[in-house]
Structure formats: C-alpha cells, structure tokens
Amino acid sequence: MKTNNKIPVDVILEGDCAEVMKTLPDESVDLIFADPPYNLQLGGDLHRPDNSKVDAVDNDWDQIGDFDAYDLFSCAWLEEARRVLKPNGALWTIGSYHNIFRVGAFLQDMGFWILNDVIWRKSNPMPNFKGTRFTNAHETLIWASKTKDAKPTFNYAAMKALNDGVQMRSDWTLPICAGGERLKNKDGKKAHPTQKPESLLHRVLLATSNPGDVVLDPFFGTGTTGAVAKKLGRHYIGIEADPGYATWRASASPPSTPPAKTCCRSPSPSAPCRGFPLVRSLKRDC
C-alpha cells in the first residue's frame, strides 16, 4: 500500500464514508469527487412500451429515507469532506433534481464557496417511458472551493485545448456509460446502475487537479474515479460501503449479485459504523 504524507493512497477503504473519512488526517486531500446516493425513492416497477422491465436504480444504498434523514446523511459526509480537504482544495459533487439542490445548500451553509455549477448533458439519455414528464437528459455538478478565499487548481489552458481552442463552457455534452466501458456481472447485467463515464471524470480531474495530487472519492462504486486518476498520474483514495462494487472493476469474473453490505450508511452523523474499514488496492492496470 502506498502512502502520501502519511495517508494511504491508491487504495479502496471499505466502510461507511463518513466513518472512514474520520480516520484520515485533517487537510490531507487535494480534490474530492462525490457521487452520493440520489435517494430516488422510485415507486413500483418501470416498463418500456414493449412491456420489458427497466433496470432502474432501486438498490438499498439509494434508499436513505425522507428529507430529514437525507439531510443528516449529507451533513455527516460533507463535514468530514471539508475537514480532510486542504485549504486550497476543492470538491465536486454530482446529482439529479432529487438531491443536488439540498446538497448545494449544505455546501454553502458549511462555508464552501461555489465556483461553478456544470450541466452534464447526456447525449444518449434514457427516455421517459411513461410520457408524463420531460426526459431527464442531464445531471448537475457543483464545483466548490473550501472557502471563498481559497485558490483551487484550475487548468484553464488544458480545458481550452480540450475544447478546440475555445473556452470550456459549463455545459458538457457527453454520453452516459455504455458499450465496453459499462461493467457487467456474470448475468450480463449492469454491475452498477449509476456508473459514470470516464470522459466525465477525465474532464473533472484534468481541469481541477495536478499530477501527484490526492483525489478522494467517498462513494467509489465501481471505481471510475480511481481508473481515471491512475491514467492522469493522480493518486486516489476510494471509500465504498459495498465490498462487491469495489472489486468489480478489477475482477474479470464479477459476482452475479453484490454481497451484502458490511457497513452501514446511517443518516445519523453520530451513528457508529458496524464494520471495520478494510484496505484494498485497485488492481486494474490502466
């Protein structure tokens, strides 16, 4: 296991994100990318016009509870995220209309300074099969520094070069994760329902971190942040409550269903984690 300034890097730490972050030193990471549960609270099954069932996000980890429970959950991980972030560090978080506005309000209440909101416009979104609403074709990212006076990294020239010599805008048109990039289990089903595309993380990390920086992802999932960090010469720390997700990216033969959680995702900031954080390295050679 590698270390950087006495913290483990290029590892996956298993456990509840807020509890595991408590084991990290103050002001020890340069950038945080957080993709928290959206708390969709979907009711009933969703079917396509041909009556085939849609593989929607109905996993236990996305069922936080009512607004009060979700707010407590958000406060718990955001407080720890702010503590471990370096003075000139920055945080990205992503979400849908279900959660991003609540998370954004807490960011401001805690003293973070919002630098941009970025719209990820999906070039191939899932249709609205019921025909009762507009197609949800975007997600919102918030980029925030730790304080108003912080000087976070922004690689302006790299973003301009990536955008054919034109200033990078705050609306990004990128496809959702599909094809060979989409990790699947033995049954051919999605390993993770909300796996983010590497193109999205590539833009985030290239824009707001430097080679050698430590990037923390407290909701690591199947490890896209770690994979992109390795490709760009950054270090990563991944935290994931479900040990099954953490191993799928490295495994050629992933399990057909994720193992049961070993740690809680309690909405209470003071609730103890029921498991002991284990350390695993991301073995994929990117």
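Residues numbered from 1 in each chain as written. Predicted model: local features only at pLDDT ≥ 70, side-chain atom pairs only at ≥ 80, totals over all residues. Heavy atoms only, no water.

**Some thoughts on the overall build of the protein**
Within the protein, the secondary structure is distributed over 7 helices and 11 strands. Residue burial in the protein is summarised as follows: out of 286 residues, 50% are buried. Of the contacts formed within the protein by residues at least 6 apart in sequence, a portion of 72% connects residues at least 24 apart. Here the protein displays about 13600 Å² of accessible surface, and carbon together with sulfur accounts for 51% of that area. (Helix = DSSP H or I, 4+ residues; strand = E, 2+ residues; numbered from the N terminus. Buried < 20%, exposed > 50% of the residue type's maximum accessible area, 1.4 Å probe, protein only. Contact = heavy atoms within 4.5 Å. Areas by Shrake-Rupley, 256 points an atom, 1.4 Å probe, with all protein chains shown as cover.)

**A short note on the side chain of Asp30**
Here Asp30 shows up in strand β4 (residues 29-34). From its side chain, Asp30 meets the backbone nitrogen of Val214 in a polar contact 2.8 Å long. Excluding residues within four positions of it along the chain, Asp30 makes contact with Leu85, Lys86, Gly89, Ala90, Asp213 and Val214. (Polar contact = N/O pair within 3.5 Å; in protein donor to acceptor, adjacent residues only side chain to side chain.)

**What about unusual backbone geometry?**
We note that Asp10 has phi near 55°; this positive angle belongs to a residue other than glycine. Assignment of secondary structure puts Asp10 in the loop between β2 (7-9) and β3 (11-14). The backbone of Asp164 sits at a positive phi, close to 55°, despite the residue not being glycine. Along the chain, Asp164 falls in the loop between α4 (156-162) and β8 (171-174).

**Some details on the nonpolar core**
Core analysis: the largest hydrophobic core is formed by 33 residues, its most contacted members being Val29, Ile32, Trp77, Leu78, Leu91 and Leu216. The element best represented in this core is helix α2 (residues 67-84), accounting for 7 residues. Formed by 26 residues, the second largest nonpolar core is a distinct cluster that contains Phe33, Trp120, Trp143 and Leu174. (Core = buried A, V, L, I, M, F, W, Y, C linked by side-chain atoms within 4.5 Å.)

**A word on the pattern of salt bridges**
Under the defined criterion, the tally for this structure stands at 10 salt bridges. For the salt bridge of Glu19 with Lys22, the shortest nitrogen-to-oxygen distance reads 3.3 Å. The closest approach of N and O atoms between Arg169 and Asp171, which form a salt bridge, is 2.7 Å. Linked by salt bridges that have partners in common, Asp26, Glu80 and Arg83 make up one network. (Salt bridge = Lys/Arg side-chain N within 4 Å of Asp/Glu carboxyl O.)

**Describing the environment of Val84**
Looking at where Val84 falls in the secondary structure, it is placed in helix α2. Between the C-alpha atoms of Val84 and Ser28, which are 56 residues apart in sequence, the distance is 5.4 Å. Residues in contact with Val84, not counting those within four places in the same chain, are Met21, Leu24, Pro25, Asp26, Glu27, Ser28, Val29, Ile32 and Leu216.

**Observations regarding the confidence of the model for the protein**
Looking at the protein, the pLDDT average stands at 79 and 70% of residues meet or exceed 70. Predicted confidence for residues 250-286 stays below pLDDT 50, and this span has 91 contacts to residues more than four positions away or in other chains. (pLDDT = per-residue confidence, 0-100.)

**Focus on the packing of α2 against helix α3 (residues 100-109)**
One way to put it is that α2 packs onto α3 with a least axis distance of 10 Å and a crossing angle of 45°. As the angle between them shows, α2 and α3 are arranged oblique. As for how α2 packs across α3, the hand of that crossing is right-handed. Contact residues: Phe67, Tyr70, Asp71, Ser74, Cys75, Trp77 and Leu78 in α2; Arg102, Val103, Phe106 and Leu107 in α3. When grouped by side-chain class, the residues that make up the contact of α2 with α3 number 8 nonpolar, 1 polar and 2 charged. (Axes fitted to C-alpha atoms, helices over the stretch in contact; angles between N-to-C directions. Parallel < 35°, antiparallel > 145°, perpendicular 65-115°, else oblique. Left-handed = near helix turned anticlockwise from the far one by under 90°. Nonpolar A, V, L, I, M, F, W, Y, C, P; charged D, E, K, R; others polar.)

**Topic: the packing of aromatic side chains**
Under the criterion given, the structure shown has 8 aromatic pairs. Among the aromatic residues, those joined into a ring-pair cluster are Trp92, Trp143, Phe154, Tyr156 and Trp172. One Lys or Arg, Arg102, reaches over the ring of Phe67 and ends 4.2 Å from the middle of that ring. The ring of Trp120 carries the charged tip of Lys122 above its face, separated from the ring centre by 5.1 Å. (Phe/Tyr/Trp six-rings, centres within 6.5 Å; stacked < 30°, edge-to-face > 60°. Lys NZ or Arg CZ within 6 Å of the ring centre and 35° of its normal.)

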